[in-house]
Amino acid sequence: MQDKKYIVFTQDEWNNNYLMGFYDDLDDAIPDINDWLEIYNLKLEKGDLAEYPSTFGTVFDKELETEDETVLMIRGFILK
């Protein structure tokens, strides 16, 4: 089995995208994501990002709601 590489980006409430980086493990992205989430008073924990089956392979994404009920997204691509 080949090693995976995760491209992780975030999307804010105005649909702006921010590249977090390229990671060997999804949990490795959590400190960078938490730095970005700090202004929203939100935080991810280890294990909050996980792959799941999709129509064309495996994917990962996470939606977070802020105090004022706007939605932030953590998304990306899996390279194999």
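Refer to the structure presented above.
Residues numbered from 1 in each chain as written. Predicted model: local features only at pLDDT ≥ 70, side-chain atom pairs only at ≥ 80, totals over all residues. Heavy atoms only, no water.

A separate point is the overall build of the protein. Along the protein, the regular secondary structure elements total 1 helix and 6 strands. Each helix (α) and strand (β) of the protein, taken in turn from the N terminus, gives the series β-β-α-β-β-β-β. Taken over the C-alpha trace, the protein has a radius of gyration of 13 Å; the compact-globule value for 80 residues is 12 Å, and the two agree within 12%. Each of the three principal axes of the protein carries a C-alpha extent, and together these read 45 × 25 × 20 Å. The long-range share in the protein, meaning contacts at least 24 apart out of those at least 6 apart in sequence, stands at 41%. Carbon and sulfur atoms form 48% of the exposed surface of the protein, whose accessible area is close to 5500 Å². Averaged over its 7 positive side-chain charges, the protein has a centre that lies 9 Å from the centre of its 19 negative ones. (Helix = DSSP H or I, 4+ residues; strand = E, 2+ residues; numbered from the N terminus. Rg over C-alpha atoms; globule rule 2.2 N^0.38 Å. Contact = heavy atoms within 4.5 Å. Areas by Shrake-Rupley, 256 points an atom, 1.4 Å probe, with all protein chains shown as cover. Lys, Arg positive; Asp, Glu negative; His and termini not counted. Charge placed at Lys NZ, Arg CZ, Asp CG, Glu CD.)

The next subject is the pairing of strand β2 (residues 17-23). The pairing of strand β1 (residues 5-11) with β2 spans 6 bridges and is classified as antiparallel. For T10, the partnering residue across the bridge sits in β2 and is Y18. (Pairing = 2+ DSSP bridges.)

This next bit is on the pattern of salt bridges. Any two side chains of opposite charge can pair if their charged atoms end up close together. By the definition in use, this model includes 3 salt bridges. In this structure, the salt-bridge partner of E51 is K4, at a minimum N-O distance of 2.9 Å. Here E51, found in the loop between α1 (30-37) and β3 (52-54), pairs with K4, found in the segment before β1; they are 47 residues apart in sequence, far enough to count as distant. In this structure K4 comes out as partly exposed when scored by relative accessible area, which is 21%. (Salt bridge = Lys/Arg side-chain N within 4 Å of Asp/Glu carboxyl O. Buried < 20%, exposed > 50% of the residue type's maximum accessible area, 1.4 Å probe, protein only.)

With that settled, consider α1. Because each turn of an α-helix spans 3.6 residues, side chains separated by three or four positions in sequence point in the same direction. Taken together, the buried positions of α1 are I30, I33, N34, W36 and L37. Angularly, the buried residues of α1 cover 155° about the axis, an arc narrow enough to put them on a single face. Here the buried face of α1 lies against β1, β2, β5 (61-65) and β6 (71-79). (Arc of directions from axis to C-beta.)

Purely geometric stuff here, so don't read any function into it on its own.
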